[in-house]
Amino acid sequence: MAKRNQYRTHYGEGHEASANVRLLEAALSLKHRFFSMVALRRGLRRLRRWVILLLIIIPIIAGIIWGAMTAVEKAYSLSIDKITFDSQRKFISKEQALRILGIEGSINMATLNTSAMKEKLESNLCIESAHIRAELPDTLHIEISERIPIVYVEQESGADTGNRLRFFMDQNGHLFPVMPEYHRDFMGVPVWYLQPGDVAEFKAGTVVDENKCRPIINLAEAVNHYDPVTIPPIREIFRPKDWKIIAIMEGGAEVMLQVYDIKGQVERLAMILEHCRAVQRRPRTINVIPRINTTVEYADEAKARN
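Right, let's walk through the structure included here. (Residues numbered from 1 in each chain as written. Predicted model: local features only at pLDDT ≥ 70, side-chain atom pairs only at ≥ 80, totals over all residues. Heavy atoms only, no water.)

A word on unusual backbone geometry
Leaving glycine out, the prevailing phi sign among residues is negative, and the prevailing peptide bond configuration is trans.
Point 1. In this structure, proline 137 follows leucine 136 across a cis peptide bond, with omega equal to 10°.
Point 2. Within the secondary structure, proline 137 is located in the loop between strand 2 (127-135) and strand 3 (139-146).
Point 3. Within the chain, asparagine 293 stands out as a residue other than glycine whose phi angle is a positive 60°.
Point 4. You can see asparagine 293 is positioned in the loop between strand 11 (283-287) and strand 12 (295-298). (Helix = DSSP H or I, 4+ residues; strand = E, 2+ residues; numbered from the N terminus.)

Some details on the pattern of salt bridges
Point 1. Within the structure shown, the criterion is met by 14 salt bridges.
Point 2. Of the charged contacts in the structure, one is a salt bridge between arginine 214 and glutamate 210, with a shortest N-O distance of 3.2 Å. Of this pair, arginine 214 and glutamate 210 both sit in helix 8 (residues 210-223), four residues apart, roughly one helical turn.
Point 3. When its relative accessible area of 44% is taken as the criterion, glutamate 210 is described as partly exposed.
Point 4. Between glutamate 250 and arginine 235 there is a salt bridge whose closest N-O contact spans 2.4 Å. A residue pair is termed long-range when its members are at least 10 positions apart, and glutamate 250 in the loop between strand 9 (244-249) and strand 10 (254-258) and arginine 235 in strand 8 (residues 234-241) qualify at 15 residues.
Point 5. By relative accessible area, which is 43% here, glutamate 250 ends up partly exposed.
Point 6. Here the salt bridges share partners, and the residues they tie into one network are Glu154, Arg164 and Arg166. (Salt bridge = Lys/Arg side-chain N within 4 Å of Asp/Glu carboxyl O. Buried < 20%, exposed > 50% of the residue type's maximum accessible area, 1.4 Å probe, protein only.)

As structure tokens, then:
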């Protein structure tokens, strides 16, 4: 029997059969191919694959766009609801720190600039260092360390010129403003009267030379280790010479020290004052520089001599 279709083979719908069908279609005119059911079905299968692919891709792209827009919108609407505050010295309160930062009401997390906030806090010369950290979703952490007032500093010439401007000095020689609202517990520290040339410029923010201020700081710290009964508070400090310190104690006693071995000299001062209380005599001048045979002049002796 003659083959009804020479393009058909015994392979059926296998690879060679498909190739023969494509050859047959190529031999047909454009019109016949357009209306060919085989070509139409193949086109419909391809179209279905593209439709399925688009149905998968479009929701994914839409989801990504929606997620990004939602994240941006949420970030710009996210506000700080909790502010934690820690002050190392406990001089400055949370409310005072927020006033320095100018924070009133809510803070937007998206526009928060922690570096600028840190700089603003540290621009206050009473604050030694600050750390600012934002924590999602709604918390801001503020930590500060304040400068510790060791002594007041004032120019010795102020009594003559009338310029009695005072600053505090910390343990590193930094001068900073006297702020009673921060330093109410330090208003009774001694006053160190500066000689001309002790500082390049007498203003807040200046740092006193280490060689100039270190003996004064050591003296204040050594005296603070004793209770006020053992060693009365020092009210005024002078440094008339590079090697010499004059400290005026509460009650008027004048103590002469040198800039070396401050701790040992303060220990001798404590023993002398204890002896003065034991013999019920009031010292007028005390020289604690000698390790032995320290000299003491009593108020009644000075009065008798006059």
